[in-house]
Amino acid sequence: MVYGHSDLGRSPIVEPVTLKILVAGGFGAGKTTLVGAVSEIKPLRTEELLTEAGRPVDDIAGVEGKKTTTVAMDFGRITLREDLVLYLFGTPGQDRFWFLWDELATGALGAVVLADTRRLEDCFAAVDYFERRGIAFTVAVNCFEGADRYPEESVRDALDLDPGTPVILCDARERESAKDVLISVVEHAMLASATRR
């Protein structure tokens, strides 16, 4: 007791455990949208307009309506519990920005590989990246309107994924769907970590 005041009844200050999750995938797969849908803060975005100068290097086939691109990262935060906070880092999708991935991946618990079935081959590089570095990941198939829908097993086979790698369908625009993706990543990463011990 100090100066007649009591600390009885006050909750101790809880320092949350912070976990880092990457959101990766091909150009136009919905990474910025997913981070924005689930973040409890206004997400930091490093988007720039697509220009004529970039046309020779940016393949927009299948995503012709796309007007901007992430040039460094997206950042968002979601508090799962008072003592557990996820920091989300969306990676840029084009090859010319892949040099940023090593820095972004440092300290990551796990990752989401966001897949677009119209351009499924665009997520091969992300799958390969996380497999080579031993970073647990979940493949989340973003179900775009008008895109063909495939069973999870068909996507797993097409990407030649290990049997334990989760594949789920999602709508990156919907908060609850994005939360389900993040829960899958955390659960898979914790299971993979426990298995390695």
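Residues numbered from 1 in each chain as written. Predicted model: local features only at pLDDT ≥ 70, side-chain atom pairs only at ≥ 80, totals over all residues. Heavy atoms only, no water.

## Focus on helix 5 (residues 175-196)
Here helix 5 contains 22 residues, and its C-alpha end-to-end distance of 32 Å stays within 8% of the 32 Å for a straight helix at 1.5 Å per residue. Of all the residues in helix 5, the buried ones are Ser177, Ala178, Val181, Leu182, Ser184, Val185, Val186, His188, Ala189 and Ala192. (Helix = DSSP H or I, 4+ residues; strand = E, 2+ residues; numbered from the N terminus. Expected span 1.5 Å × (residues − 1). Buried < 20%, exposed > 50% of the residue type's maximum accessible area, 1.4 Å probe, protein only.)

## Here's the deal with the nonpolar core
Among the nonpolar cores identified, the biggest contains 25 residues, and Leu22, Val113, Phe130, Phe137 and Val139 are the most heavily contacted of them. Broken down by secondary-structure element, the contributors of at least two residues to this core are strand 1 (17-25), helix 2 (101-105), strand 5 (110-115), helix 3 (124-133), strand 6 (136-142) and helix 4 (152-159). The leading source of residues in this core is helix 3, at four residues. Residue contacts for valine 113: discarding those within four places in its chain leaves Ala24, Cys123, Ala126, Val127, Phe130, Phe137, Thr138, Val139 and Ala140. Counting 22 residues, the second-largest nonpolar core is a separate cluster that includes Val23, Ile168, Cys170 and Val181. (Core = buried A, V, L, I, M, F, W, Y, C linked by side-chain atoms within 4.5 Å. Contact = heavy atoms within 4.5 Å.)

## Quick notes on helix 1 (residues 31-38)
In terms of residue burial, helix 1 counts as a mostly covered element, since six of its eight residues are buried. Listing the buried residues of helix 1 in full gives Lys31, Thr32, Leu34, Val35, Ala37 and Val38.

## Looking at the packing of aromatic side chains
Taken as a whole and judged by the stated rule, the model has four aromatic pairs. Residues phenylalanine 75 and tyrosine 87 carry aromatic rings whose centres are separated by 5.7 Å and whose planes lie at 35° to one another, so their mutual orientation is tilted. A residue pair is termed long-range when its members are at least 10 positions apart, and phenylalanine 75 in strand 3 (residues 68-81) and tyrosine 87 in strand 4 (residues 84-90) qualify at twelve residues. Tyrosine 87 gets classed as partly exposed once you look at its relative accessible area, which sits at 30%. The residue whose ring lies beneath lysine 20 is phenylalanine 89, and the NZ or CZ to ring-centre distance is 4.8 Å. Above the face of the phenylalanine 144 ring, arginine 118 is positioned so that its terminal group lies 4.2 Å from the ring centre. (Phe/Tyr/Trp six-rings, centres within 6.5 Å; stacked < 30°, edge-to-face > 60°. Lys NZ or Arg CZ within 6 Å of the ring centre and 35° of its normal.)

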